[in-house]
2 protein chains.
Amino acid sequence: MAKWYESPKVDQGIVISSRVRLARNLKKYPFPIRMKKEEAEAVIQQVKDAVINDRTPLGQSFHFYQVDTMPAGEKRMMVESHVISPVLLQQQKPCAVLVKDDETVSIMINEEDHIRIQTIFPGEDIDQAWDLADKLDNLIEETVEYAYNEHVGYITACPTNMGTGLRASFMVHVPSLEATGQINNLSQALSKFGITVRGIYGEGSASLGGIYQVSNQITLGQSEEEILKNLKNAIHLVKDQEQKVRKAIRERDEVGYEDRIYRALGVLQNARKISAQEAADCLSLLREGAQEGVLAWKASKPMYELFIAIQPCHMQKDGQKMAAERDVARASYLRAVFHEK
Amino acid sequence: MAKWYESPKVDQGIVISSRVRLARNLKKYPFPIRMKKEEAEAVIQQVKDAVINDRTPLGQSFHFYQVDTMPAGEKRMMVESHVISPVLLQQQKPCAVLVKDDETVSIMINEEDHIRIQTIFPGEDIDQAWDLADKLDNLIEETVEYAYNEHVGYITACPTNMGTGLRASFMVHVPSLEATGQINNLSQALSKFGITVRGIYGEGSASLGGIYQVSNQITLGQSEEEILKNLKNAIHLVKDQEQKVRKAIRERDEVGYEDRIYRALGVLQNARKISAQEAADCLSLLREGAQEGVLAWKASKPMYELFIAIQPCHMQKDGQKMAAERDVARASYLRAVFHEK
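None of these values were measured; they are calculated from a predicted model.

What is the right way to read the sheet that holds strand 9 (residues 195-199) of chain A from this model?
Strand-to-strand pairing in sheets goes through backbone hydrogen bonds, with the strands running parallel or antiparallel. Residue and element names in this part refer to chain A. The sheet built from eight strands is open, its strands ordered 2-3-4-5-1-8-10-9 with antiparallel pairing. The two strands at the open ends of the sheet, each matched to only one other strand, are strand 2 (62-66) and strand 9. Between one strand axis and the next, the sheet turns through 20° on average, direction left out of account. Bridging between strand 1 (residues 15-24) and strand 5 (residues 115-122) involves eight bridges; their strand directions are antiparallel. Paired with Ala23 across the bridge in strand 5 is Arg116. With respect to the sheet, helix 8 (residues 224-252) is in contact with strand 1, strand 8 (166-173), strand 9 and strand 10 (211-216), its orientation differing from that of strand 8 by roughly 15°.

Shown next, in the form of structure tokens:
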């Protein structure tokens, strides 16, 4: 089954992917932070049954993973693939995730909330992500009772998620806004409209390769439709700014622009060891170069897929490797992809 | 006619080339610094006649260039190729150079001394360079009278050249001694044995790409044979040290060693602009990599020839170019040489 990030759509524009996340809790149980082990296990069982025992093809397409007992390396790989969050990685109590075969959906159980429904689609397609999340939300609600207050909306462990429990986000590739530092100004301006700009792995994480998440800050007092509309307006602004700055940088020094892109190709084709940070920077330049028509050359895989593949835990599938060995394995992997002579 | 630096011998070892220079003056004329224009012209005519009017094939293989009236760019190219010295470039009075078709010999007229015979051979072959210089010295002496004192030897403008007037030198590629800073210690130690280590373009010039000149300091009180023997001993020491340090660097971090070499190849194959300094550093790594068997790949031209070809004035044969244009032309030239896909 092809994964969403294998679609050519992830490389076609500034927007890599569109994501929706719904936070839900079961009325009968305390929040995960206060749960007993048996309660945590009961919640997992109920949610698993609600999704997997569904008679529709949708339910059949999910795989269940018990996360707390998984090896640490496999868990970290799931974080790198955005299948689970860093919070679930740290969870000591029984916790789990339901993953759709194409990885467009992951339903985390006993993360900060009992249920976190996450849908993700390649390119700029937040409506499709929302429709699928909404459908799954309804499916689960057929068999479990959500914690819901008619004045507030959905009750969540953290007050910032109260109400709709909805976080919608775009993953964007904005290398020029990053290089010029303008991402910080834009981030400040957008925060006034209730929009947050964060690093690629969510809250508190650093950016890697010019990739950021743009999402709504406010979940309460706005309808789902309003939240999505506001975010779409924000993303138009981000795209517009990146395009303007990119054009200005290129026009100021066309040769320097092409030079940076081709040198990055030279590194990926020749390095014998490379860190995840440097590889991400090189892939970022190649993604931009391909979009801008600078590189005649095309990779055999979408850049974002490579971006995931080079992350530390993906680089040590066969067990624990030292950082130095990973850097060698990463360089070797990239040379193969980039057609070493 | 193939030039000496097109020989594969220039890339086969640590020693790139072997050079001999003889300083001579005509008895009847003041040193160039005190010469009148007509005297300078007379010296040029006499030396030219002595060499070119020779009935042997040797004399026929020389070309004569009046240097003081040449365009500045062409003069600088001759400096970059080691055909003339920076001193002759600056000479305002009539001055000239006789160049053998394969560039193994250049005879500068009215540089610091009336005559500077310079011979240069690829690889480690100082004896051949000496034999040819000696032969030309005798040839010229057949028709002109040298300034010579039986106690001192040959009289020269600068006291440091008095006696034999001989400077013998090896051009060496010692990237590891440079990278570790050990070239400075070695240079200090060798000076105690009357040996000087200098940058690639002679006295006071900086090193470029790990290339240095190792030559005798003393010209007086030693026979030519003693000078050559002393220099040969020094060069064995230099080669030995470079090999030891190179081996140690490689053994400490084999992957890092190969990584640097391949990344340099990536830069040469991909850069859209490159400075002479960076290009020299990359060529240096490739020369070392080829010698050490790290690079499977071979350039179509000897590395030292490329090294000369990328120098600023060689990069603007068609007239005056700005530094930025030269950097673009240099990158384009190198991509063509390094088989851009």
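From this point, the discussion proceeds with the structure in view.
What is the right way to read the sheet that holds strand 1 (residues 15-24) of chain B from this model?
Residues and elements named next belong to chain B. Strand order in the open sheet formed by eight strands is 2-3-4-5-1-8-10-9, and the pairing between neighbours is antiparallel. For this open sheet the edge positions go to strand 2 (62-66) and strand 9 (195-199), each flanked by a neighbour on one side alone. Geometrically, the sheet is characterised by an average inter-axis angle of 20° between neighbouring strands, direction not taken into account. Sheet topology note: the strand 8 (residues 166-173)/strand 10 (residues 211-216) ladder contains five bridges and is antiparallel. What sits directly across from Phe170, in strand 10, is Val214. Its contacts with the sheet place helix 8 (residues 224-252) against strand 1, strand 8, strand 9 and strand 10, and it is angled at close to 15° to strand 8.

What is the right way to read the packing of helix 7 (residues 182-191) of chain A against helix 8 of chain A from this model?
Geometrically, a packed helix pair is captured by the angle between its two axes and the distance between the axes. All names here are of chain A. Close contact between helix 7 and helix 8 brings their axes to 12 Å; oriented N to C, the two are set at 160°. In terms of orientation, helix 7 and helix 8 fall into the roughly antiparallel class. Both helix 7 and helix 8 take part in a crossing whose hand is right-handed. Seen from helix 7, the contacting residues are Gln182, Leu186 and Leu190; seen from helix 8, they are Ala234, Leu237, Val238, Gln241 and Val245. A per-class count over the contact of helix 7 with helix 8 returns six nonpolar, two polar and no charged.

Just checking my understanding: could you explain the pattern of salt bridges for this structure?
Opposite charge on two side chains makes pairing possible when the charged atoms of those side chains draw close. Applying the stated rule across the entire model yields 46 salt bridges over all chains. Across the salt bridge formed by A:Arg116 and A:Glu111, the nearest N and O atoms sit 3.4 Å from each other. In terms of burial, A:Arg116 and A:Glu111 fall into one category: buried. Put simply, B:Asp113 and B:Arg116 hold a salt bridge, and the shortest N to O gap is 3.0 Å. The class of B:Asp113 is buried, set by a relative accessible area of 0%. Note on B:Arg116: relative accessible area 7%, which makes it buried.

How should the pairing of strand 1 of chain A be read in this particular structure?
Note on strand geometry: in a regular strand, side chains alternate between the two faces of the sheet. Residues and elements named next belong to chain A. Taking burial as the measure, the 10 residues of strand 1 include 10 buried ones, the bulk of the element. Across seven bridges, the pairing between strand 1 and strand 8 is antiparallel. From the neighbouring strand, Val15 faces strand 8, where its bridge partner is Val172.

Help me understand the side chain of A:Ser284 in this model?
Residues and elements named next belong to chain A. Tracing the backbone shows Ser284 in helix 10 (residues 276-291). For Ser284, a relative accessible area of 9% gives the class buried. Here Ser284 is in contact with His173, Pro175 and Gly209, once residues within four sequence places are set aside.

What is the right way to look at the environment of B:Leu132 in this model?
Residues and elements named next belong to chain B. Take Leu132: it is sitting in helix 5 (residues 126-141). Using a relative accessible area of 13% as the deciding quantity, one classes Leu132 as buried. Placed 53 residues apart in sequence, Leu132 and Val79 show a C-alpha to C-alpha distance of 21 Å. Each residue touching Leu132, except ones within four places of it in the same chain, is listed here: Leu58, Thr104, Val105, Thr119 and Phe121.

Can you help me understand the interface of chain A and chain B in this one?
Interface size is often expressed as the accessible area that is lost when the parts come together. With 20 residues of chain A at the interface, the matching set in chain B holds 20 residues. On the surface where chain A and chain B come into contact, there are four salt bridges. Across the pair A:Glu278 and B:Arg263 runs a salt bridge whose closest N-O atoms are separated by 2.7 Å. Remark: the boundary between chain A and chain B carries 10 residue pairs in polar contact (both at pLDDT 80 or more). Residue contributions to the side of chain A that touches chain B peak at 11 residues, all from helix 9 (residues 254-270) of chain A. Looking at the side of chain A that touches chain B, its residues break down into seven nonpolar, five polar and eight charged.

Would you take a moment to explain the packing of aromatic side chains for this structure?
How two aromatic rings sit relative to each other is set out by the distance from centre to centre and by the angle between their planes. One pass over the full model with this rule turns up 10 aromatic pairs over all chains. Ring plane angle 85° and centroid distance 5.5 Å describe the contact between A:Trp4 and A:Tyr5, whose orientation is recorded as edge-to-face. Considering the side-chain rings of A:Tyr304 and A:Phe307, the 6.2 Å spacing of their centres and the 10° angle between planes classify their relative orientation as stacked. Here A:Tyr304 and its partner A:Phe307 are both found in helix 11 (residues 303-309), three residues apart, which amounts to about one turn of the helix. Comparing A:Tyr304 with A:Phe307, the two get one shared label, buried. Aromatic rings pair up to connect A:Trp4, A:Tyr5, A:Tyr304 and A:Phe307 into one cluster. The cationic tip of A:Arg24 hangs over the ring face of A:Tyr146; the distance from NZ or CZ to the ring centre is 5.8 Å. Above the face of the B:Phe64 ring, B:Lys48 is positioned so that its terminal group lies 4.2 Å from the ring centre.

Looking at this structure, I do not really get the nonpolar core. What am I missing?
The nonpolar side chains of a soluble globular protein tend to be buried with one another. A:Ile107, A:Val172 and A:Tyr304 are the most contacted members of the largest nonpolar core, which has 91 residues in total. Those residues in contact with A:Val172 that sit more than four places away from it in its chain are A:Ile14, A:Val15, A:Ile16, A:Gly210, A:Ile211, A:Tyr212, A:Val214, A:Ile235 and A:Val238. Residues B:Ile249, B:Tyr262, B:Ile274 and B:Cys282 belong to the second largest nonpolar core, which totals 78 residues.

Even after reading the chapter, I still don't get the relation of the copies chain A and chain B, so can you show me in this structure?
Note on the identical chains: chain A maps onto chain B by a rotation of 180° and an axial translation of 0.0 Å, with an RMSD of 0.1 Å. Taken together, these values place the two copies in the relation of a two-fold axis. No C-alpha of chain A lies nearer the rotation axis than that of A:Gly266, which sits 2.0 Å from it. A share of 100% of interface residues in chain A that are also interface residues in chain B marks the association as one of identical surfaces.

Calculation criteria
- Residues numbered from 1 in each chain as written.
- Chains lettered and ligands numbered in written order.
- Predicted model: local features only at pLDDT ≥ 70, side-chain atom pairs only at ≥ 80, totals over all residues.
- Heavy atoms only, no water.
- Pairing = 2+ DSSP bridges.
- Helix = DSSP H or I, 4+ residues; strand = E, 2+ residues; numbered from the N terminus.
- Axes fitted to C-alpha atoms, helices over the stretch in contact; angles between N-to-C directions.
- Contact = heavy atoms within 4.5 Å.
- Parallel < 35°, antiparallel > 145°, perpendicular 65-115°, else oblique.
- Left-handed = near helix turned anticlockwise from the far one by under 90°.
- Nonpolar A, V, L, I, M, F, W, Y, C, P; charged D, E, K, R; others polar.
- Salt bridge = Lys/Arg side-chain N within 4 Å of Asp/Glu carboxyl O.
- Buried < 20%, exposed > 50% of the residue type's maximum accessible area, 1.4 Å probe, protein only.
- Polar contact = N/O pair within 3.5 Å; in protein donor to acceptor, adjacent residues only side chain to side chain.
- Phe/Tyr/Trp six-rings, centres within 6.5 Å; stacked < 30°, edge-to-face > 60°.
- Lys NZ or Arg CZ within 6 Å of the ring centre and 35° of its normal.
- Core = buried A, V, L, I, M, F, W, Y, C linked by side-chain atoms within 4.5 Å.
- Least-squares fit on C-alpha atoms with pLDDT ≥ 70 in both.

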